[in-house]
Amino acid sequence: MRPFVYQRASDAPSAIQNLATATAANNVLTEASAQPLAGGTTLIDLMKLDVMRPKAVVDINPLAASWSNVSLDDDNLRLGALARMSDVAANPEIQQHYPVIADTLKLAASPQLRNMASLGGNVLQRTRCSYFRDVSYHNCNKRNPGSGCAALEGFNRSHAVLGTSEQCIATYPGDFAQALMALDATVEITGRSGVRKIRFSDLHKRPGESPQAETTLSPGELISAFLIPGPWPRSVYLKVRDRQSYEFALASAAVALDLQDEVMRDARIALGGVAAVPWRAREAEAILKGQKFDDALIDRAADAAFADARPHRHNVFKVALGKRVISRALHQAATMEI
Ligand SMILES: Cc1cc2nc3c(=O)[nH]c(=O)nc-3n(C[C@H](O)[C@H](O)[C@H](O)COP(=O)(O)OP(=O)(O)OC[C@H]3O[C@@H](n4cnc5c(N)ncnc54)[C@H](O)[C@@H]3O)c2cc1C
Ligand code: SF4
């Protein structure tokens, strides 16, 4: 690991000031000169691999007293960005009113990691593309902009089939983000000019021509909280992976239904493991909304979700798998007891 300066922020303004000064005018995340440190389970990992090379690390954990609260008022859930994954997953109110959130957190990583990892760090975790994580490969547009993409002709079994570009086909790896996408969450961002809010769906950028720019956060900005309308008691997360524990998704679906007399008054679907960014399957939702729950309709919705899929040599299977995951998740949500 390269030498770096460790700074422990005493409060939000000092954290933001330290980060903004050090990272000004650098939008290549991998090379950003200062990085916030939460649980460190992504950041320290990537620093040891020499993928991320910050000159300064700003520890934001002292902000936890105000940024780790979980509150549920008037059917709106507020999750502080420094809340730990395990605490939120174990929260009985979240399990009851937002089971899809608890599921995405419970099915991620390992108990030890979930005890360390924060919600803010979770949504900002970086791709598991092995060419990105191994610096002996030069050709990675995300790590070395303009160098090409080793995965295009390489082993791309785990890569994305939706939302990719000619420059990058990496998969967004997280689970929790799918719940936030499905439930129309808002992100609260704290920066030098105060607090601003954006839709969670506007946080991540598709790779396009610039896969190195992954989010719409400006230098020095921190995620302080997530705001989620609800409740969504009829919601589930289904995650299919190579092994049933401690593994990233090959295909997953976060589903939330408002079902009345078998009619889907509202249907939300977000997909993981198959897309370059947290992915909302709006075409599928449009087919389901207002319709009676019916197997043929579910199949049509699943087909629509993958109509624009662009698989590569080793990940063609993700299209069929992704459709089955949507179908199974919808059935699970429709039949769950609430
Ligand atoms: C072996 C392994 C298996 C895993 N499996 C899964 C899995 O199955 N599913 C899954 O979803 N995840 C998985 N993960 C990822 C894990 O959940 C993330 O590493 C973790 O959630 C990141 O949170 P953190 O607090 O440790 O973030 P950190 O490592 O501290 O930070 C991650 C990034 O976010 C930035 N950051 C952190 N907090 C903020 C903030 N509030 N505002 C702005 N920037 C911030 C940091 O600078 C850094 O760039 C796995 C990780 C490992 C190591
Ligand atoms: S898929 Fe993206 S992250 Fe992976 S090698 Fe290609 S450019 Fe790099």
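Residues numbered from 1 in each chain as written. Chains lettered and ligands numbered in written order. Predicted model: local features only at pLDDT ≥ 70, side-chain atom pairs only at ≥ 80, totals over all residues. Heavy atoms only, no water.

Colleague: Can you help me understand the site of ligand 2 in this one?
Modeller: Among the 15 residues in the neighbourhood of ligand 2, the closest are listed as C129, C140, C149, C168 and I169. Every element with two or more residues in the shell around ligand 2 is listed here: α9 (130–133) and α10 (150–153). Its residues assigned to classes, the shell around ligand 2 shows 10 nonpolar, four polar and one charged. (Near = heavy atom within 4 Å. Helix = DSSP H or I, 4+ residues; strand = E, 2+ residues; numbered from the N terminus. Nonpolar A, V, L, I, M, F, W, Y, C, P; charged D, E, K, R; others polar.)

Colleague: How should the site of ligand 1 be read in this particular structure?
Modeller: Taken together, 29 residues form the shell around ligand 1, and within it P36, T41, T42, S118 and D175 come nearest. Between ligand 1 and T41, the relevant distance is 2.7 Å, taken from an oxygen atom to a side-chain nitrogen or oxygen of the residue. In the environment of ligand 1, a nitrogen atom lies 2.7 Å from a nitrogen or oxygen atom belonging to the side chain of D175. Taking 970 Å² as the accessible area of ligand 1 by itself, protein coverage stands at 94%. Contributing elements (two or more residues each) for the shell around ligand 1: β2 (34–37), α2 (43–48), α8 (119–123) and β8 (222–229). When the residues that make up the shell around ligand 1 are grouped by side-chain class, the tally is 15 nonpolar, 10 polar and four charged. (Polar contact = N/O pair within 3.5 Å; in protein donor to acceptor, adjacent residues only side chain to side chain. Areas by Shrake-Rupley, 256 points an atom, 1.4 Å probe, with all protein chains shown as cover.)

Colleague: Can you help me understand the nonpolar core in this one?
Modeller: The nonpolar side chains of a soluble globular protein tend to be buried, and buried together. Among the nonpolar cores identified, the biggest contains 39 residues, and I101, F200, F226 and I228 are the most heavily contacted of them. Elements with a contribution of two residues or more to this core: β5 (76–80), α4 (85–89), α6 (99–106), α8, α11 (176–182), β6 (186–191), β8 and β10 (251–260). Counting residues per element, this core draws most heavily on α11, at six residues. Those residues in contact with I228 that sit more than four places away from it in its chain are D75, N76, L77, L79, Y98, I101, L180, L183 and A185. The next biggest cluster of nonpolar side chains, apart from the first, holds 36 residues, and it includes L162, A251, A253 and A284. (Core = buried A, V, L, I, M, F, W, Y, C linked by side-chain atoms within 4.5 Å. Buried < 20%, exposed > 50% of the residue type's maximum accessible area, 1.4 Å probe, protein only. Contact = heavy atoms within 4.5 Å.)

Colleague: For this particular structure, what's the right way to read the pattern of salt bridges?
Modeller: Close approach of charged atoms allows side chains with opposite charge to pair. Tallied over the entire structure, the rule returns 21 salt bridges. Notably, a salt bridge pairs R126 with E214, separated by 2.9 Å at the nearest N-O pair. With R126 in the loop between α8 and α9 and E214 in the loop between β7 (194–199) and β8, the pair connects residues that are 88 residues apart, well separated along the chain. Measuring nitrogen to oxygen at the nearest pair gives 3.5 Å for the salt bridge that ties D184 to R268. Here D184, found in the loop between α11 and β6, pairs with R268, found in strand β11 (residues 263–272); they are 84 residues apart in sequence, far enough to count as distant. For D184, a relative accessible area of 37% corresponds to the partly exposed category. The class for R268 is buried, based on a relative accessible area of 11%. Salt bridges sharing common partners tie together D184, D266, R268, R280, E285 and K289. (Salt bridge = Lys/Arg side-chain N within 4 Å of Asp/Glu carboxyl O.)

Colleague: Explanation requested: the packing of helix α13 (residues 295–305) against helix α14 (residues 317–335) in the structure shown.
Modeller: Each packed pair of helices is defined by two parameters, the angle between the axes and the distance between the axes. As a packed pair, α13 and α14 sit with axes 9 Å apart at the nearest point and diverge in direction by 135 degrees. By the criterion of interaxial angle, the relationship of α13 to α14 is oblique. Handedness of the α13/α14 crossing: right-handed. On α14, the residues touching D295, I298, A302, D303 and A305 of α13 are K323, I326, S327, L330 and H331. In the contact of α13 with α14, the residues fall into five nonpolar, two polar and three charged. (Axes fitted to C-alpha atoms, helices over the stretch in contact; angles between N-to-C directions. Parallel < 35°, antiparallel > 145°, perpendicular 65-115°, else oblique. Left-handed = near helix turned anticlockwise from the far one by under 90°.)

Colleague: How should the environment of L72 be read in this particular structure?
Modeller: Among the structural elements, L72 can be located in strand β4 (residues 70–73). For L72, a relative accessible area of 26% puts it in the partly exposed group. Once the C-alpha coordinates of L72 and H97 are considered, the two residues, 25 residues apart in sequence, prove to be 9.6 Å apart. When sequence neighbours within four positions are dropped, the list of residues in contact with L72 reads L77, E93, H97 and Y98.

Geometric values such as these leave the question of function open.
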